[in-house]
Protein chains: 2
Amino acid sequence: MINSKQPLYLKIYERYKAMIISGRLVTGTKLPSIRRACNELGVSKTTIEAAYLQLEAEGYIKSKPQSGFFVADIKPFNYERKKMPALTKKTPNINIEFDFVSATVDKEGFDFNLWQRYIKSALRDNNRLLSYGEPQGEADLRAALADYVSSRRGVICSPDQIVVGAGIQNLLQTLCSIDEKHSTVAFAGIPFSRGSAVFSSFNRKITVVDYSYLNISNYNLKDVDYVYTNPSHTNPWGDILPISQRLELIKLAQKKNFIIIEDDYNSEFQYFNRPVPSLQGLDSSDNTLYIGTFSKLLLPSLRISFMVLPAKLLALYQKNGLIFNQTASKTEQIALCRYLRDGNLARQIKKARNLYVAKCTQLCEKINEYGEDNIRAIMGTSGILFRVEVNSRLSSEELTSHAMCKGIALRALEKTCSKEKPCLLLSCSSIPSDRIDEAAKRIVQILNEKTDK
Amino acid sequence: MINSKQPLYLKIYERYKAMIISGRLVTGTKLPSIRRACNELGVSKTTIEAAYLQLEAEGYIKSKPQSGFFVADIKPFNYERKKMPALTKKTPNINIEFDFVSATVDKEGFDFNLWQRYIKSALRDNNRLLSYGEPQGEADLRAALADYVSSRRGVICSPDQIVVGAGIQNLLQTLCSIDEKHSTVAFAGIPFSRGSAVFSSFNRKITVVDYSYLNISNYNLKDVDYVYTNPSHTNPWGDILPISQRLELIKLAQKKNFIIIEDDYNSEFQYFNRPVPSLQGLDSSDNTLYIGTFSKLLLPSLRISFMVLPAKLLALYQKNGLIFNQTASKTEQIALCRYLRDGNLARQIKKARNLYVAKCTQLCEKINEYGEDNIRAIMGTSGILFRVEVNSRLSSEELTSHAMCKGIALRALEKTCSKEKPCLLLSCSSIPSDRIDEAAKRIVQILNEKTDK
C-alpha cells in the first residue's frame, strides 16, 4: 500500500509497522519522543502524532503516560506479501454467426425504454431506497404480484403468502432453511439441475420420477416430501400437463401428504392457446407451492422471483424465515411493482409471444423447405424453442460440435424425439427477424453435410 | 377468473370446464359439433373453435378424427375455491419523534443524484441487460472490487477470487454449498444472528468463542473449520482487533487448519484513525476469506456484497459453485463498477464519515451537558453508533420501553458497558443535523424521568 501520493504520516506509519512486524524493533523498544522525531525527520508535530496514533490504534505500539510510546508485545512475523493468483482467462475463439442456443430475451420484443422509465421513477423514491427492504419482499410489490398471478395464472393467494427473492435458487434456499426436516424431493418432468443443486447442498435426498408424466398414480412417491414439477412446461418444447393428471397429482399430494412445487417457468408463452391456469388454483387442499419468475418474462438480468407459500409453509416462514434478508434489489422491486400495476407486463408478454410465434413459425417453415426429407423442424406448443430432427447416423452431440466449428451454435436434445434420429432443441430468440431465411439456409447447409442422403 | 371483460371464447371455455370438473358432463360425453354450437349460442365458428382448442390443450376434452369432441377421462372433482387467507396487518401506532435506532444511511450524507446517474448509465447497456449475468458476478465489477479492496483495505487478491452475491447471507449460502463438509463454525466477537442462521440452516455446528477477543491462543478451537470474525469492528461501538491478536489468529488458523472469515462490516467508518488494513492482507498463509458489503457504505437497499476466496475454497467454488446463479442485480453491478472506478465510493465514505463524526460528537456533547451526572454519552471508535450509560435501577430494556411510549426509539445494549448501569447503543444517522440540540434535550428529559437522582 506504499505509494508516492500517500500522506507523509502514512509513510512514517508504514516504516514503523514494517520494522515492528519484521522484529527489527523488538517488544518494549521506546520510540523517539514526538519532539525528537519532528526534529530528526523534519516534519510537523501533527504528522508524527497522526502516525503514532494510527500505530497505537492498530496495536503496534502502546503509550505509557508521562513516558512515551513503546513497541507492543508482537512476535516477529514473516510479513511476506502473497503473490496475486494468476488470472485464468478463457477466450473463446470461434466467431458465432447464428446462435440457436442463447436464451436471452429478444431485443426486438422488449421495450427497453419503457422499463428504463420505471427504474428511473423508482430511483426517485429516495426515502425508501435509504432503508433496508422487507425480508419477505416489498409489500406493494407482493400485492401487485398477488393480483397478477390471480388474473393471469389463476393462483389464489394473499400478498402475505408471497415471498420475493433474487432468483428461484434463492427461494429454494429459503424453503430449505425454513423447513429443516431432512426431506426427500422428487423431480418430475424436465430435470432441473440448478434446482436439485440447491436441495443437494442442504443435504436433501433427490429422486427423479418418470419423465413422461404418464400414470402419476403409479409414481413411487413413498416418503417423498416435495414433488418438483413444471405443469405448464413438462418438456423442453413446452407440452402442458393435462387436467386429468393435474387432478391426479393434487389428490396424490393430499393422500401421501407431500407438497407440490409448481415451477411456472415459461408458462406465459403458450403459442396457440391461452396459458393454462396454474395447478395451485386447482388445489383446494392447499398442498401446492407456486413459483414464478421474471427472467423469462421480462429480463434475464432481472433477479426477481417469487413463491406463494401454502398455509403450513407460511407458518414455518413466519417462524424461521424472517431472519433471512431480502436478496432482490429494492429499486427493481419498486419498478416492477409499478410496471405490473400499469398492465405493462401483460402487454410485454403479448408482444413477445407474437414475435416468437412469427419467428419460430417462419424458421420452421424455411428449415422444412430447404431441408426437404432430411431435416424436419417441429414447433413446440410453448416457449421460444423448437425441435429439429436430422436424418443422420451421427449423434446429436456430434452434429452440435460439427456446427460449432462452422460458427453455428446448436443444442442437442438429451431425450431425442424419435429413437433413431438425432434431435436438436433450438431457440429463435437470438436470430434477427430480417435474417431468418439466411439462418435457415445456413443451418440446413451445415446439417446436410452430415445427413444420410 | 370469470369477468365481464373476458372474451366470449373464454366464457364458453369456463362453462364447459366447470361442467366437466363438477362431473355434470361425464367421461365420454360428446360435445355439440362446432356448427351446432354456433347456431345454438349465436356466436362465430372461430369463437367455438378457440374454446374447444383451449379445453383440448388443457386435457378436458379429446378430439376424435371425423367424429368430434368428447369429455376426457376425468374423475369428478370438488372444485371449491379456497378462501384467501386473511391479511395479517401490523399497524404500529406510536409516532416516533426521534429515532436513535434506525441504521438507514443518512440522507444528508449521501449524494443520491450521483448514484442515480450511474444507474441510468448502466440502464443504457441494453445488450448486457438482455442476457443472464455471470454466476460469479460481472467481470468488470470484480476487477474494480479487487482494485478497491487492495488500495483501501489492503486485501490482496485477483478478480478471479471474488464472488459477488446479494448480501452476506447469500454469500454464506454459497460457501456452505461449495464446502459440503459438516463443518463447525466458531463466532468470535459480535454475535451475528443472521450469519449463524445460515450456517444452522445448512446443519453446520455453531460455537461461540470468548466475546472479548482476549487470549486468542487459549481459544478452544478443536475441530473448528471456520472462525467468523469482525476484526475491524469487534464490538458494537467499533473497537478494532489489535495487531498482536490478529497475528495470533492467523498463526492459529495455520496451526489448527481453519479458515478465518473476516467480515469487514463497517470498517471504513473509523472516526479518529485511518481504517485499519484487513486481516486478509496480513495472512500470507492464505487461510482468510474476506467479506465486504455495500449496504453500510452506500445504500442499505443495494444488495451487493462480495467475498474474496482463499485458494483452497476457490478450487471448490470452481468445481461446485458455478451452478448457482448470480443473485445481485446486473444493473446495479454495472453501476457500482463505474461508481468505484470513478473514485466516488472513497469520496462518498469521506463525506459520510465527516458528517457522522460531526453529528455524533455534537450529540454526545449535548447529552453530557444536559445529562449532568446521571447520563453519560460515550463516542465509539468507529461506526455511527455511540453508547449512553444511565444512572438508573431500571434495566436497559425497561428504559427502552419507557422511551418508546414517549415517541423516542432507543436500543438497549446487550452487553452493558459497566456492570451496574443500564446502557444504550444509539445511532445518529436518523437525527437531522439541525435538530441535534432538540434531540439531546428530549432524550435526557425522558431518561431523567427514570434516573436515581
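For the structure, see preceding data.
What counts and what doesn't
Residues numbered from 1 in each chain as written. Chains lettered and ligands numbered in written order. Predicted model: local features only at pLDDT ≥ 70, side-chain atom pairs only at ≥ 80, totals over all residues. Heavy atoms only, no water. Helix = DSSP H or I, 4+ residues; strand = E, 2+ residues; numbered from the N terminus. Areas by Shrake-Rupley, 256 points an atom, 1.4 Å probe, with all protein chains shown as cover. Least-squares fit on C-alpha atoms with pLDDT ≥ 70 in both. Contact = heavy atoms within 4.5 Å. Pairing = 2+ DSSP bridges. Axes fitted to C-alpha atoms, helices over the stretch in contact; angles between N-to-C directions. Buried area = accessible area lost by both parts, 1.4 Å probe. Nonpolar A, V, L, I, M, F, W, Y, C, P; charged D, E, K, R; others polar. Salt bridge = Lys/Arg side-chain N within 4 Å of Asp/Glu carboxyl O. Buried < 20%, exposed > 50% of the residue type's maximum accessible area, 1.4 Å probe, protein only. Parallel < 35°, antiparallel > 145°, perpendicular 65-115°, else oblique. Arc of directions from axis to C-beta. Core = buried A, V, L, I, M, F, W, Y, C linked by side-chain atoms within 4.5 Å. Phe/Tyr/Trp six-rings, centres within 6.5 Å; stacked < 30°, edge-to-face > 60°. Disulfide = S-S within 2.5 Å. Right-handed = clockwise from strand over helix to strand, strands pointing away.

Our next topic: the overall build of chain A. Secondary structure assignment for chain A yields 14 helices and 14 strands. As displayed, chain A has an accessible area near 19200 Å², and 50% of this comes from carbon and sulfur atoms.

As a further point, take the relation of the copies chain A and chain B. For these two chains of identical sequence, chain A goes onto chain B by a turn of 180° and a shift of 0.1 Å along the axis, with RMSD 0.1 Å. What the rotation and shift describe, once combined, is the action of a two-fold rotation axis. Closest approach to the rotation axis among the C-alpha atoms of chain A is made by Phe202(A), whose C-alpha sits 2.7 Å away. Same-surface contact between copies: 100% of interface residues of chain A are shared with the interface of chain B.

Residues and elements named next belong to chain A. As summarised here, the arrangement of the three strands in space is E11-E12-E14, forming an open sheet in which the pairing is antiparallel. Only two strands of the sheet have a single partner each, and these edge strands are strand E11 (375-379) and strand E14 (423-427). Between one strand axis and the next, the sheet turns through 25° on average, direction left out of account. As paired elements, E11 and strand E12 (residues 385-390) share five bridges and run antiparallel to each other.

As a further point, take the interface of chain A and chain B. Each side of the interface is counted separately: chain A has 100 residues, and chain B has 102 residues. Each partner contributes to the roughly 8800 Å² buried at the junction of chain A and chain B, and carbon and sulfur atoms together form 59% of this total. Counting residues per element, the side of chain A that touches chain B draws most heavily on helix H9 (residues 243-256) of chain A, at six residues. Classifying every residue of the side of chain A that touches chain B by side-chain character gives 45 nonpolar, 34 polar and 21 charged.

All names here are of chain B. Overall, the coordinates contain 32 salt bridges over all chains when judged by the stated rule. Close ionic contact of Glu134 with Arg142 constitutes a salt bridge, the shortest N to O distance being 3.1 Å. Residue class for Glu134 comes out partly exposed when judged on its relative accessible area of 32%. Arg142 sits in the buried class, given a relative accessible area of 6%. Residue Glu389 pairs with Lys421 through a salt bridge whose shortest N-O separation is 4.0 Å. With a gap of 32 residues between them, Glu389 in strand E12 (residues 385-390) and Lys421 in the loop between strand E13 (408-409) and strand E14 (423-427) connect regions that are remote in the sequence. For Glu389, a relative accessible area of 7% gives the class buried. Among the residues examined, Lys421 registers a relative accessible area of 30% and is labelled partly exposed. Taken together, the salt bridges that share partners define one network made up of Arg128, Glu138, Asp140 and Arg341.

Moving on: the packing of helix H7 (residues 168-178) of chain A against helix H10 (residues 311-321) of chain A. Residues and elements named next belong to chain A. Running from amino to carboxyl end, H7 crosses H10 at an angle of 85°, the nearest separation of the two axes being 9 Å. What the angle tells us is that H7 and H10 run roughly perpendicular. Facing Thr174, Leu175 and Ile178 of H7, the residues of H10 in contact are Leu313, Leu316, Tyr317, Asn320 and Gly321. The class makeup of the residues in the contact of H7 with H10 is five nonpolar, three polar and no charged.

A few words now on helix H2 (residues 34-41) of chain A. Residue and element names in this part refer to chain A. Taken together, the buried positions of H2 are occupied by Ile34, Ala37 and Cys38. Taken end-on, H2 shows its buried residues confined to a sector of 105°, consistent with a single buried face. Away from its buried face by more than 90 degrees, H2 exposes Arg35, Asn39 and Glu40. Where the residues of H2 are buried, they touch helix H3 (45-57) and strand E2 (68-71). With its phi angle positive at about 65°, Gly42 sits one or two positions after the end of H2.

Our focus in this paragraph is the side chain of Arg153(A). Tracing the backbone shows Arg153(A) in helix H6 (residues 139-153). The contacts of Arg153(A), once residues within four sequence positions are left out, are Tyr148(A), Ser232(A), Asp264(A), Ser267(A), Glu268(A), Pro275(A), Val276(A), Pro277(A), Ser278(A) and Tyr290(A).

What follows is about the sheet that holds strand E10 (residues 305-308) of chain B. Within a sheet, adjacent strands bond to each other through the backbone by hydrogen bonds, running parallel or antiparallel. All names here are of chain B. Read across the sheet, seven strands follow the order E4-E10-E9-E8-E7-E5-E6 without closing on themselves; strand pairing throughout is mixed. What marks the edges here is a single partner per strand, and that holds for strand E4 (162-165) and strand E6 (205-208). In this sheet, adjacent strand axes meet at a mean angle of 20° when their direction is disregarded. Seen against the sheet, helix H7 (residues 168-178) touches E4, strand E7 (226-229), strand E8 (259-263), strand E9 (288-293) and E10 and runs at an angle of roughly 40° to E10.

Now for the nonpolar core. Within the largest apolar cluster, 148 residues are counted, with the highest numbers of intra-cluster contacts made by Phe100(A), Phe294(A), Phe386(A), Phe100(B), Phe294(B) and Phe386(B). With sequence-adjacent residues up to four places away left out, Phe294(B) is seen in contact with Leu145(B), Leu299(B), Leu302(B), Ile304(B), Phe306(B), Leu336(B), Leu340(B) and Leu345(B). Core analysis: the next-biggest nonpolar cluster, separate from the first, contains 50 residues, Val163(A), Phe202(A), Tyr226(B) and Ile261(B) among them.

Residues and elements named next belong to chain B. The element E14 is extensively covered by neighbouring structure, given that five of its five residues are classed as buried. Side chains of E14 alternate between two faces, with Cys423, Leu425 and Ser427 and Leu424 and Leu426 buried alike. Here E12 pairs with E14 via five bridges, running antiparallel. The residue of E14 that forms the bridge with Leu385 is Ser427.

All names here are of chain A. This structure, assessed with the given rule, holds 21 aromatic pairs over all chains. Where Phe110 meets Phe112, the ring centres are 5.5 Å apart and the plane angle is 85°; that geometry is what we call edge-to-face. The interplanar angle of 85° and the centroid separation of 5.3 Å between the aromatic rings of Trp115 and Tyr339 together place this pair among those described as edge-to-face. Here the residue Trp115 occupies a position in helix H4 (residues 112-123), and Tyr339 occupies one in helix H11 (residues 330-341), the gap between them amounting to 224 residues.

Our focus in this paragraph is the state of the cysteines. Counted by the stated rule, this structure contains zero disulfides over all chains. Of all cysteine sulfurs, the one in Cys360(B) lies closest to Cys364(B), which takes part in no disulfide; the gap is 5.8 Å.

What follows concerns the pairing of E8(B). Residue and element names in this part refer to chain B. Taking burial as the measure, the five residues of E8 include five buried ones, the bulk of the element. In terms of strand pairing, E7 meets E8 through four bridges, oriented parallel. Of the residues in E8, the one forming a bridge with Tyr226 is Ile259. Between the parallel pair E7 and E8, the chain is carried across by helix H9 (residues 243-256), and the sense of this crossover is right-handed. Summarising the sheet, E8 and E9 pair through four bridges and their orientation is parallel. Looking across to E9, one finds that Asp263 is bridged to Ile291.

Residue Asp286(A) is not a glycine yet carries a positive backbone phi of 60°. You can see Asp286(A) is positioned in the loop between strand E8 (259-263) and strand E9 (288-293). Assessed through its relative accessible area of 19%, Asp286(A) is described here as buried. The phi dihedral of Gln66(B) is positive, around 65°, even though this residue is not glycine. Position of Gln66(B) relative to the elements: it lies in the loop between strand E1 (61-64) and strand E2 (68-71). Take Gln66(B): its relative accessible area is 84%, and that puts it in the exposed class.

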